[in-house]
Amino acid sequence: MRPIRLISLILVLAAAQAHAIDGRTILANMLKAEGSVAYIAHEVTTLAREPAVTSEQTVYRSGFKGSRVEYTQPDLLKGEIRADDGKVLAHLIPKDKLMVKRPSRIAGMREWAEHSAKALQKGEIEVDLVGKDKIAGRNAYVIELHPRHHHQGKRKLWVDTEKWVKLRTEDITPEGTVASLSYYTKIEFVKNIPDGKFHVETPEGYRVEREEGPIRTMPLEKVRRMAGFQILEPSYLPSGFKLAGAAIIPFRDGKIVSIRYTDGVNTLSLFQAKGETLNPRFLKRLHEGPVQPGRGIYSWRKDDLNLTIISRISMDDIRRVAGSVK
Amino acid sequence: MNCKEFRSTMGDYVNRMLGRDLAGSAEIHLSVCPKCASLVKELESTSVMMRSMDRATAPVGFEERLKARMAARQEHKPGIMERLSAVLRALFLPPGHRLAVRPAIAGLLVCFVIAVSIFMISQRQPASEMDWAYIHACQNQHATFAGTNPLADESAVALRERVRDLGSEL
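Residues numbered from 1 in each chain as written. Chains lettered and ligands numbered in written order. Predicted model: local features only at pLDDT ≥ 70, side-chain atom pairs only at ≥ 80, totals over all residues.

> Got a sec to walk through the overall build of chain B? Specific residues and values, please.
Counting its secondary structure elements, chain B contains eight helices and zero strands. Here chain B holds 170 residues, and the buried ones make up 19% of them. Long-range pairs, those at least 24 residues apart, make up 42% of the contacts in chain B with a sequence separation of at least 6. (Helix = DSSP H or I, 4+ residues; strand = E, 2+ residues; numbered from the N terminus. Buried ≥ 20, exposed ≤ 12 C-beta atoms within 10 Å, placed from the backbone. Contact = placed C-beta atoms within 7 Å.)

Okay, structure coming up:
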């Protein structure tokens, strides 16, 4: 064999080796990186709706320690900050001189990452490596995720080949159109972001609103005991969907029970509340059907319960789930 | 009587078909308004000229058709608006003021529709607010659940929440 052919063969083999990484490994690495990598990035997000909405924001992220988003566009959102320090998710809205404080979402993110890693191990999520690309000047693998059963839409992720951070995300509807996308235009990996960055003090003269609500999901059995009324469950779920947990949301003088399902990629929440919790006028008006077209919300009544499903799966499937709730 | 009122009855005046009172008012108006007086003169001379013209022969069957039409017109039953208009005229208006009735009825109808709409909107408002309080509570919880998914687009979920809060402002 001539030396030049030998070198070519070695190069081809090396390239093949480099491509030997598969989608599952990339996703597993990405899930691990979620909890540890720190970076500062400039991000663009677009919701493909009528009319389309685009925002630009600076993102500070330090694994499961904290996150901070500072909106720079559009004008209406400029100056808004969402910062999560692991205890409180503070949302500063200068336009309204308002600070909204919600429970941190970080614990939920950790739970989800573990849940997704397990779903990946069990083969409940299918991942295909579909190519390579360059985002924000960095090399990225392009992977496509979908539940084992393809009909519920999919997600396309661009994952940094070195740091395993998600650089771009596209949400694709069951009909094959892009529903939303977010991508970084600039990213700088850092060793550490000071804790203070994830905490926002309420400026003087600002009104504070607190939104209660458990973030951690509980086992359904526990929620069943706490609910105080007979909880209904669907006998039909789209293929691949499984129970992820349940939660109780205080609402006015009563409570709303939320049961959460996921197929590893998509989510579905079933809400139920006793009729007397709500305004009688509202009860009369609550009809069976979608609540505003295209929003993935479906409400109906059964005996003395108000039921609502929220999910981005197809409305036909939502209707089928609703029809099976007993 | 002013010019507008006189001109609405001018045809009847020239043909001597006005009642005594209205005819008197018309005479008074003509004595002080040279414009209307000259219009009456013109109309009277046209009328005299028409009468002096040779009689034209009507087409074949014209008379029968005309009679049939008139008979049909006599059988025509007045509609609700016509009846209402007649009642109002009889109750409130002196003869010759017919034109004022229709705008008055239209005005009344518009006021009625506006009043009913305001009433219905005021009835719907509390239910609508309640509706969205419940739906928003559910949406917030779902966003919390869906948005923390590391495989989801957290920024898109957050933006969707803001779009929902700000509505058409964005």
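Right, picking up where we left off after that structure.
> Lay out the overall build of chain A with the relevant residues and their values.
In terms of helices and strands, chain A carries six helices and 18 strands. The buried share of chain A, reckoned over its 326 residues, is 36%. A separation threshold of at least 6 residues defines the contact pool for chain A, and within that pool the share at least 24 residues apart is 51%.

> An account of the nonpolar core is needed here, citing residue identities and associated values.
Within the largest apolar cluster, 39 residues are counted, with the highest numbers of intra-cluster contacts made by Leu27, Ile143, Leu145, Val159 and Leu167 of chain A. Listed by contribution, the elements that provide at least two residues to this core are α2 (23-34), α3 (106-121), β7 (125-135), β8 (138-147), β9 (154-160) and β11 (178-190) of chain A together with α7 (101-147) and α8 (154-166) of chain B. Considering each element in turn, this core owes the most residues, six residues, to α3 of chain A. Excluding its chain neighbours within four sequence positions, the residues that come into contact with Leu145 of chain A are Leu27, Ile125, Val127, Lys154, Arg155, Leu157 and Val265 of chain A together with Leu151 of chain B. (Core = buried A, V, L, I, M, F, W, Y, C linked by C-beta atoms within 7 Å.)

> Please give an account of the interface of chain B and chain A that cites residues and values.
Tallying the contact residues gives 31 residues for chain B and 46 residues for chain A. Counting residues per element, the ones that place at least two in the side of chain B that touches chain A are α7 and α8 of chain B. Here the side of chain B that touches chain A takes 16 residues from α7 of chain B, the largest share from any one element. Among the residues forming the side of chain B that touches chain A, the class breakdown is 17 nonpolar, nine polar and five charged. (Nonpolar A, V, L, I, M, F, W, Y, C, P; charged D, E, K, R; others polar.)

> Lay out unusual backbone geometry in plain terms, naming residues and giving numbers.
Residues and elements named next belong to chain A. A cis amide bond links Gln73 to the next residue, Pro74, at an omega of -5°. Here Pro74 is to be found in the loop between β3 (66-73) and β4 (81-84). The phi angle at Ala136 is positive, at roughly 50°, despite the residue not being glycine. Mapped onto the secondary structure, Ala136 falls in the loop between β7 and β8.

> Any chance you could break down the sheet that holds β4 of chain A for me, citing the residues and the numbers?
One open sheet accounts for twelve strands, arranged β7-β8-β9-β10-β11-β1-β2-β3-β4-β5-β6-β12 (chain A); its pairing is mixed. Each end of this open sheet is capped by a strand with a single partner; those strands are β7 and β12 (207-210) of chain A. Along the sheet, successive strands turn relative to each other by an average axial angle of 15°, direction set aside. Sheet topology places strand β1 (residues 38-47) of chain A next to strand β2 (residues 53-62) of chain A; ten bridges connect them, and they run antiparallel. Considered in β2 of chain A, the bridge of Tyr39 of chain A is made with Arg61 of chain A. Relative to β1 of chain A, α8 of chain B is tilted by about 50°, and along the sheet it contacts β1, β2, β4, β10 (166-172) and β11 of chain A. (Pairing = 2+ DSSP bridges. Axes fitted to C-alpha atoms, helices over the stretch in contact; angles between N-to-C directions.)

> Tell me about the environment of Phe189 of chain A, and please be specific about residues and values.
Residue and element names in this part refer to chain A. By the element assignment, Phe189 lies in strand β11. Phe189 sits 150 residues away from Tyr39 along the chain, and the two C-alpha atoms are 4.2 Å apart. Not counting the four nearest positions on each side in its chain, Phe189 is found in contact with Val37, Tyr39 and Lys163.

> If you had to explain the confidence of the model for chain B to someone new, which residues and values would you point to?
Residues and elements named next belong to chain B. Predicted confidence across chain B gives a mean pLDDT of 74, with 75% of residues reaching 70 or more. This stretch, residues 124-130, has a pLDDT under 50; its non-local contacts, to residues over four places away or in other chains, come to ten contacts. Scored as a whole, the predicted complex attains pTM 0.62, and scored at its interfaces, ipTM 0.78. (pLDDT = per-residue confidence, 0-100.)

> Could you give an account of the pairing of strand β15 (residues 267-274) of chain A, with specific residues and numbers?
The side chains of a regular strand alternate between both faces of the sheet. All names here are of chain A. Extensive coverage of β15 is indicated by the burial of seven of its eight residues. Alignment of strand β14 (residues 254-262) against β15, held across seven bridges, turns out to be antiparallel. Pairing of Tyr261 across the sheet is with Leu268, part of β15. The loop that links β14 with its antiparallel partner β15 comprises four residues; one of these, Gly264, has a positive phi angle of about 100°.

> Describe in detail the pairing of strand β6 (residues 98-103) of chain A, supporting the description with residues and values.
All names here are of chain A. Here strand β5 (residues 88-93) pairs with β6 via six bridges, running antiparallel. Bridge pairing in β6 links Leu92 to Met99. Connecting the antiparallel pair β5 and β6 is a turn made up of four residues, with Lys97 showing a positive phi of about 50°. Across four bridges, the pairing between β6 and β12 is parallel. Within β12, the position partnered with Leu98 by the bridge is Arg207.

> I'd love a proper account of the environment of Leu89 of chain A, names of residues and values included.
By the element assignment, Leu89 of chain A lies in strand β5. Linking Leu89 of chain A and Ser104 of chain A, residues 15 residues apart in sequence, is a C-alpha distance of 4.6 Å.

> Provide a residue-level description of α8 of chain B, including the pertinent values.
Spanning 13 residues, α8 of chain B covers 18 Å between terminal C-alpha atoms, matching the ideal 18 Å at 1.5 Å per step. Backbone geometry just after α8 of chain B places Gly167 of chain B at a positive phi near 60°. (Expected span 1.5 Å × (residues − 1).)

> I'd love a proper account of the packing of α2 of chain A against α3 of chain A, names of residues and values included.
Residues and elements named next belong to chain A. Two elements in contact, α2 and α3, have axes whose closest approach is 10 Å; the angle formed by their N-to-C orientations is 165°. Between α2 and α3, the angle falls in the class roughly antiparallel. Of the two possible hands of crossing, α2 and α3 adopt the one that is left-handed. Along the contact surface, α2 presents Arg24, Leu27, Ala28, Leu31 and Glu34, while α3 presents Ala113, Ser116, Ala117 and Leu120. Residues that form the contact of α2 with α3 fall into these classes: six nonpolar, one polar and two charged. (Parallel < 35°, antiparallel > 145°, perpendicular 65-115°, else oblique. Left-handed = near helix turned anticlockwise from the far one by under 90°.)

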